[in-house]
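# Observations on chain architecture
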Amino acid sequence: MNSFFKKSWSVALAAVTLASSAMGSSIFTTSAVSVSIQQYAGETSSDNYSASAAAASSDINVADIGDFSVPLLTSNKVAAADYNIPNLNIPAKSVPETEGIKFVKDMRLGWNLGNTMDAIDDTGWVGSEMGIETCWNGGYKTSKKMIDTVKAAGFRTVRIPVSWHNHVDSNYQISKQWMDRVQEIVDYAVDNDMYVILNVHHDNDAKYMYPDTAHYNQSKKYMTTVWSQIAERFKDYDNKLIFETMNEPRLIGHQNEWWINPSNADCIDAIKTINKLNQDVLDTIRSSGGNNGTRYVSVPGYDCSVDGATNENFKIPTDKVQNRLIVAVHAYLPYGFALAEESDSQSVNKFNINTDTGEINQAFDKVYQKYTSKGIPVYVGEYGAREKGNNVQDRVDCAAYFTAYASSVGVTCCWWDDISFMLLDRSNCTWKRPEIVAAINKYARGNAESTIVTSVTNPNEIVTTTTSANVSESDKIYGTEAGNGMVSFGTSIGETAFVDVQFAGNTNFMNGCLGFSPQLNGKSYWVSYVWEAKKSGIITLDMNNPKQVMDVSTEPSEAVTDADVKKQLIENIKKEKSALLQAWYASDKSGKEISPADTGATSIKAFIISSNGTQQTTTTTTTTTTSETTTSSTTSTTTSTSTSTSTSTTTTVTSTETTTTTTVKPDDKADKYGDANCDGEIDMSDVVLIMQYLANPNKYGLNGSDEKHITEKGLLNGDVDKSSEGITANDALRIQEYLLKKVASLDIA
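Predicted, not measured: the structure shown is a model, and the values here were computed from it.

A separate point is the overall build of the protein. Regarding its fold elements, the protein presents 16 helices and 28 strands. Relative to its 749 residues, the protein shows a buried fraction of 57%. Looking at the protein alone, contacts between residues at least 24 apart form 76% of all its contacts between residues at least 6 apart. Accessible area of the protein: about 29,900 Å², with a carbon and sulfur share of 46%.

Moving on: the packing of helix α4 (residues 176–190) against helix α5 (residues 216–234). Contact geometry of α4 with α5 gives a least axis separation of 11 Å together with a crossing angle of 50 degrees. Between α4 and α5, the crossing angle belongs to the class labelled oblique. Considering the relative orientation of α4 and α5, their crossing is right-handed. Note on element contacts: α5 touches α4 through Gln-229, Ile-230, Arg-233 and Phe-234, opposite Met-179, Asp-180, Val-182, Gln-183 and Val-186.

Attention now goes to empty space enclosed by the protein. Once rolled over the atoms, a probe with the size of a water molecule shows which space is left empty. Going through the model one piece at a time under the given rule, you end up with 11 cavities of 30 Å³ or more. In this structure, the second largest cavity encloses a volume near 100 Å³. In terms of lining, the second largest cavity is formed by 14 residues, of which the most central are Asn-137, Tyr-140, Ile-419, Met-422 and Arg-426. Looking at side-chain class alone, the lining of the second largest cavity contains five nonpolar, four polar and five charged residues.

Let us now look at helix α10 (residues 392–408). Between its first and last C-alpha, α10 extends 24 Å over 17 residues, near the 24 Å set by a 1.5 Å rise per residue. Within α10, 17 of the 17 residues are buried, which leaves it mostly tucked inside the rest of the structure. Following α10 by one or two positions, Gly-410 has its phi on the positive side, about 85 degrees.

Here we take up helix α16 (residues 729–739). Along α16, the residues that are buried comprise Asp-731, Ala-732, Leu-733, Ile-735, Gln-736, Glu-737 and Leu-739. At the exit of α16 stands Lys-741, carrying a positive phi of roughly 65 degrees.

With that settled, consider the confidence of the model for the protein. Considering every residue of the protein, the mean pLDDT works out to 79; 77% of them sit at 70 or more. For residues 3–81, every residue scores under 50 in pLDDT, and the model assigns this stretch 220 contacts once sequence neighbours within four places are set aside. For the stretch residues 456–469, pLDDT sits under 50, and the model shows 44 contacts to residues farther than four places along the chain or on other chains.

The subject of this paragraph is the environment of Gly-410. As for its placement among the helices and strands, Gly-410 is situated in the loop between α10 and β10 (412–415). Gly-410 sits in the buried class, given a relative accessible area of 5%. C-alpha of Gly-410 to C-alpha of Lys-102: the two residues are 308 residues apart in sequence and 9.2 Å apart in space. Those residues in contact with Gly-410 that sit more than four places away from it in its chain are Val-95, Thr-372, Val-378 and Arg-445.

Here we take up the packing of aromatic side chains. Scanning all chains against the criterion turns up 17 aromatic pairs. Judged by centre distance (4.6 Å) and plane angle (20 degrees), the ring pair of Tyr-383 and Phe-402 falls under stacked. Linking Tyr-383 in strand β9 (residues 378–383) with Phe-402 in helix α10, this pair joins segments that are 19 residues apart in sequence. Of the two residues examined, Tyr-383 and Phe-402, each falls in the buried class. One aromatic cluster is present, formed by Phe-364, Tyr-383, Phe-402 and Trp-415 through successive ring pairs. Cation over ring: Lys-276 sits above Tyr-216, and NZ or CZ is 3.9 Å from the ring centre.

Moving on: the sheet that holds strand β8 (residues 325–330). Taken in spatial order, the eight strands of this closed barrel run β3-β4-β5-β6-β7-β8-β9-β10, and their pairing is parallel. The mean angle between the axes of side-by-side strands here comes to 25 degrees, regardless of whether they run parallel or antiparallel. Sheet topology note: the strand β3 (residues 109–112)/β10 ladder contains three bridges and is parallel. For Gly-110, the partnering residue across the bridge sits in β10 and is Cys-414. Running over the sheet, helix α6 (residues 265–286) touches β6 (241–244), β7 (297–300) and β8 and is turned about 170 degrees from β7.

Within the element layout of this structure, Asp-417 appears in the loop between β10 and β11 (424–425). One buried charge, Asp-417, has no salt-bridge partner; the nearest side chain with opposite charge is Arg-426, at 4.6 Å. A polar atom in the side chain of Asp-417 sits 3.0 Å from the side chain of Trp-111. Ignoring sequence-local partners within four residues, the contact set of Asp-417 consists of Trp-111, Asn-112, Gly-114, Met-422, Leu-423, Leu-424 and Arg-426.

One broad rule of soluble globular proteins: the nonpolar side chains tend to lie buried together. Phe-155, Ile-160, Trp-164, Leu-198, Ile-230, Phe-234 and Phe-243 are the most contacted members of the largest nonpolar core, which totals 127 residues. Top element by residues in this core is α10. It accounts for 10 residues. Of the residues that make up this core, three or more belong to each of domain 1 (99–443) and domain 2 (476–609). Counting residues in hydrophobic clusters, the runner-up holds 34 residues, among them Ile-477, Leu-514, Ala-586 and Ile-608.

Applying the stated criterion to the full structure yields 23 salt bridges. Of the charged contacts, one joins Asp-193 and Lys-240 as a salt bridge, the two residues approaching to 2.9 Å between their closest N and O atoms. Taken as a pair, Asp-193 in the loop between α4 and β5 (195–199) and Lys-240 in the loop between α5 and β6 lie far apart in primary sequence, 47 residues in all. Between Glu-495 and Lys-574 there is a salt bridge whose closest N-O contact spans 3.1 Å. Of this pair, Glu-495 sits in the loop between β16 (486–488) and β17 (496–503) while Lys-574 sits in helix α12 (residues 563–574), placing them 79 residues apart in sequence. By relative accessible area, Glu-495 is classed as partly exposed at 40%. Its relative accessible area of 9% is what places Lys-574 among the buried residues. Several salt bridges converge on common partners, so that one network encompasses Glu-133, Arg-181 and Glu-184.

What follows concerns the packing of α5 against α6. With their axes 9 Å apart at the nearest point, α5 and α6 run at an angle of 30 degrees to one another. Judged on the interaxial angle alone, α6 and α5 are roughly parallel. Note on packing geometry: the crossing formed by α5 with α6 is right-handed. Contact residues: Tyr-216, Ser-219, Lys-220, Met-223, Thr-224, Trp-227, Ser-228 and Ala-231 in α5; Thr-273, Lys-276, Leu-277, Asp-280, Val-281, Thr-284 and Ile-285 in α6.

What follows is about unusual backbone geometry. Cis geometry marks the peptide bond from Leu-333 to Pro-334, where omega comes out at -10 degrees. For Pro-334, the position within the fold is in the loop between β8 and α8 (335–338). Cis geometry marks the peptide bond from Ser-595 to Pro-596, where omega comes out at -5 degrees. Within the secondary structure, Pro-596 is located in the loop between β24 (578–588) and β25 (601–609). Despite not being glycine, Glu-248 has its phi angle at roughly 50 degrees, a positive value. Turning to its location among the elements, Glu-248 is positioned in the loop between β6 and α6. One non-glycine residue with positive phi stands out, namely Asn-521, at about 55 degrees. Position of Asn-521 among the secondary structure elements: in the loop between β19 (519–520) and β20 (523–533).

How each quantity is defined
- Residues numbered from 1 in each chain as written.
- Predicted model: local features only at pLDDT ≥ 70, side-chain atom pairs only at ≥ 80, totals over all residues.
- Heavy atoms only, no water.
- Helix = DSSP H or I, 4+ residues; strand = E, 2+ residues; numbered from the N terminus.
- Buried < 20%, exposed > 50% of the residue type's maximum accessible area, 1.4 Å probe, protein only.
- Contact = heavy atoms within 4.5 Å.
- Areas by Shrake-Rupley, 256 points an atom, 1.4 Å probe, with all protein chains shown as cover.
- Axes fitted to C-alpha atoms, helices over the stretch in contact; angles between N-to-C directions.
- Parallel < 35°, antiparallel > 145°, perpendicular 65-115°, else oblique.
- Left-handed = near helix turned anticlockwise from the far one by under 90°.
- 1 Å grid on protein atoms, 1.4 Å probe; cavity = no way out; pocket = protein on both sides within 12 Å on 5 of 7 lines; lining within 4 Å.
- Points joined across faces, edges and corners; volume = space filled by probe spheres on them.
- Nonpolar A, V, L, I, M, F, W, Y, C, P; charged D, E, K, R; others polar.
- Expected span 1.5 Å × (residues − 1).
- pLDDT = per-residue confidence, 0-100.
- Phe/Tyr/Trp six-rings, centres within 6.5 Å; stacked < 30°, edge-to-face > 60°.
- Lys NZ or Arg CZ within 6 Å of the ring centre and 35° of its normal.
- Pairing = 2+ DSSP bridges.
- Lys, Arg positive; Asp, Glu negative; His and termini not counted.
- Salt bridge = Lys/Arg side-chain N within 4 Å of Asp/Glu carboxyl O.
- Polar contact = N/O pair within 3.5 Å; in protein donor to acceptor, adjacent residues only side chain to side chain.
- Core = buried A, V, L, I, M, F, W, Y, C linked by side-chain atoms within 4.5 Å.
- Domains from an automatic or database assignment.

Now the structure itself:
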């Protein structure tokens, strides 16, 4: 999927702040249809559904694959609800039992490692090559535990989308560390005896691969060079490793980018170029030795759509061996329900299993007529349905029907899993939507595993409900601007915070976060509480439930999985008196991005309620200064008052907060502002060093034990924030703003 996550909260994570990407999920369609439906009220349904009155028997039924237990999702924010898997009876069509058909049948059910190895960074905002893996998915590095969890839930196939162009040199030679990491993840699945699909994903660009005659020679060079290296690395793997030549090849920027017109001259040229590139890649793989001579290879048509693979100009390449080619298609159907973002005028959040199945039926009938009825195997490399409010039952119904109808024509399906289509919560390796996992297991092809594990423990969902927040104005403590996006409440935040967003003009959607950069045990962290708004209103944030907890002391940053560390960080954050208030993305009612994001609102304010924390009454400050280092100690006396119906108790608490800043001699001068590590470049490594210096001066200070500790020149170069003297977290923030092109220069007068 071309997932640049406009509405997703996937973001670039760096040391002091969460910097949003200005990218968005591109939309592609096949016969987009908008339907009028009743508003879903959220009641538990007791209906059983049938595909058609004429369907009297089926080769697909529950008895074939065993029983499935669907756990109830519970949360401290949402009442438990029952979700029913519909009973479907779809007659299986006659499909020849060729070797390829049987192979794809045994793949059974697939899961995509989405927005991970397919992520790209064409502007340098991530700061490190290996950090790209986590820059789109919230910071979660792929672990064997994730893949183990996927296998245990009945998925027999893992599709690993990989983008390569950020990891090649001028001769298209792939970096060893990236190839090693790809192989490591492949091995997680291989160790589970799973099928693996490996591809070339977001490399559709005029500089690399672009499917038209004008760019064919360049595209052939790039694709064959990259594939020769992939083929060489994996040539000794058995046939359960499948090579997929390309992902959604298309004319980016063309009026027919996502909507193929088989009679359009440009589209015809693109289709024929894709045919040639599929042949080139297949020939490269076949000639590379090892098991690649007989390995299964899958090929897409234009934009990997059903229409792209079933038009008269698309041709399957000529192979040296028989029954080793698979046609790959993607299908998010029906479009309005499954793929359209909520800002899209065609978007609907309901799926009626008796009336809304036409697009699904039409697509798979085409696939059956063109391919599977003739013994040519097909898999759906990507499918799914976006989460749109509380439409879980509709997603269950759609997923069940889609999978069942695909199975009836001999097609295996792979669910696209990212933020918007999420089934697996990668923060804790549990299933966010186990009822969907159970539904697609029920109707997937082939025999299921003897035990399907889809249990959920401690679900961790984004709590961003828009509410009227019935709190009187006198009880609200609004954050006051403290510079660089920081807001100060003057008192502990406590259990709950609120974001008040008032849309401007034509705005239809906004998101962002309330963020913190705490330190614990010598390490620096980033913790964010994500907010979303589809209209003006107040959003409630549960401070016990952050969406993202990252260790930014490492490079690349990594998600925190230690429950005790998370708990301690959360408790510390609830005592914080200030936060970073960010707007990441905004769009208007036509779906067009509003930039900068904060201009999508007339105001964005954060507030807490007075009973959340302590009311600050007096503050005294003492300061001791030397020529090199300034240390400020602030002792605050605070008063907390709690009241019940019969008694009132007042408690006085005294606490001490210490901040350290470093200044330099006035006659010293920087030679390159922002270059804290003095390597001649300004990038994320400079941000990381500043945060390491602040978090652990014994290791990264002027006389630190680490060989890469900061130097006097580095302190001068890194001091780029005018609002504070010496190196502080604000300098790290300022450098990131520069890298994101939010500020034009780091030079200070």
